[in-house]
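Overview (structure and organization)
Residues per chain, in single letters:
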Amino acid sequence: MSIAVRRATKDDAEKVAEYAMKLVEQHQLYDRLRFARIATLDGMKWFYGGQTEAKDAVVLVAELEARVVGFAYVAYEETNYAELAVKAAHLHDIYVEENARRSSAGQKLIEAAVAAAREFGATKLMLSVAAKNATAQSFFEHAGFEMTMHEMMLGLG
């Protein structure tokens, strides 16, 4: 069982959108105030399908036996004043379906995201991880990511 990672095409948008919606649902379970359910399957399909052709972003898919089992989405910004970041790529999304976890799909998606970030000219790859997602935090730390910020929120309702 070998994992292959490739750039997604518009034909992959529906499967990527399904996985993206699973991420939305997962985050909603962590904190409904912080993570709004503003996404729809059609909206996600449109967004990720468009990002397959973007000059400053890449959608990657992991395949196991010719079946898409996960995806990652990376976007590059030369300058981001709000984050005080230059030449930064952001790993906005990564998801591997449950039955493909521990298959190296996640690690191979990270490796491909790093390679894509370098192709963009990035000097760093950044990501955010939900405070309640200890599994992902451990995965990212194992992949070499380091904690640099803590997001905080005050509910005003």
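Above this text is the structure in question.
Quick look at the structure, then. What you see is a predicted model, and the numbers here were worked out from it, not measured in a lab.

Criteria and thresholds
- Residues numbered from 1 in each chain as written.
- Predicted model: local features only at pLDDT ≥ 70, side-chain atom pairs only at ≥ 80, totals over all residues.
- Heavy atoms only, no water.
- Buried < 20%, exposed > 50% of the residue type's maximum accessible area, 1.4 Å probe, protein only.
- Helix = DSSP H or I, 4+ residues; strand = E, 2+ residues; numbered from the N terminus.
- Pairing = 2+ DSSP bridges.
- Axes fitted to C-alpha atoms, helices over the stretch in contact; angles between N-to-C directions.
- Polar contact = N/O pair within 3.5 Å; in protein donor to acceptor, adjacent residues only side chain to side chain.
- Contact = heavy atoms within 4.5 Å.
- Salt bridge = Lys/Arg side-chain N within 4 Å of Asp/Glu carboxyl O.

**Some words on the pairing of strand S3 (residues 67-80)**
Counting buried positions along S3 gives 10 out of 14 residues, so the element sits mostly inside the fold. Relative to S3, strand S2 (residues 57-64) runs antiparallel, the two sharing eight bridges. By the bridge assignment, Val 59 is partnered in S3 with Tyr 73. In textbook terms, the turn of a hairpin is the stretch between consecutive antiparallel strands, and for S2 and S3 this stretch comprises two residues, one of which, Glu 65, has a positive phi near 55 degrees.

**A closer look at the sheet that holds strand S5 (residues 124-126)**
An order of S1-S2-S3-S4-S5 is seen for the five strands of this open sheet, with the pairing classed as mixed. What marks the edges here is a single partner per strand, and that holds for strand S1 (3-7) and S5. In this sheet, adjacent strand axes meet at a mean angle of 25 degrees when their direction is disregarded. Here S1 pairs with S2 via five bridges, running antiparallel. Opposite Arg 6, over in S2, you have Val 61 as the bridge partner.

**Side note on the side chain of Glu 97**
Tracing the chain through its elements places Glu 97 in the loop between strand S4 (85-96) and helix H3 (105-120). Among the polar contacts made by the side chain of Glu 97, one reaches the side chain of Tyr 19 at a distance of 2.3 Å. When near neighbours in sequence (up to four residues on either side) are disregarded, Glu 97 contacts Tyr 19, Arg 67, Val 68 and Val 69.

**Let's talk about the pattern of salt bridges**
In this structure the tally under the stated criterion is nine salt bridges. Close ionic contact of Arg 37 with Glu 25 constitutes a salt bridge, the shortest N to O distance being 3.9 Å. Of the two residues, Arg 37 is situated in the loop between helix H1 (13-30) and helix H2 (41-51) and Glu 25 in helix H1; the sequence distance between them amounts to 12 residues. With a relative accessible area of 45%, Arg 37 lands in the partly exposed category. The exposure class of Glu 25 is partly exposed, given its relative accessible area of 39%. A network of salt bridges, in which partner residues are shared, links Arg 6, Asp 12 and Glu 63.

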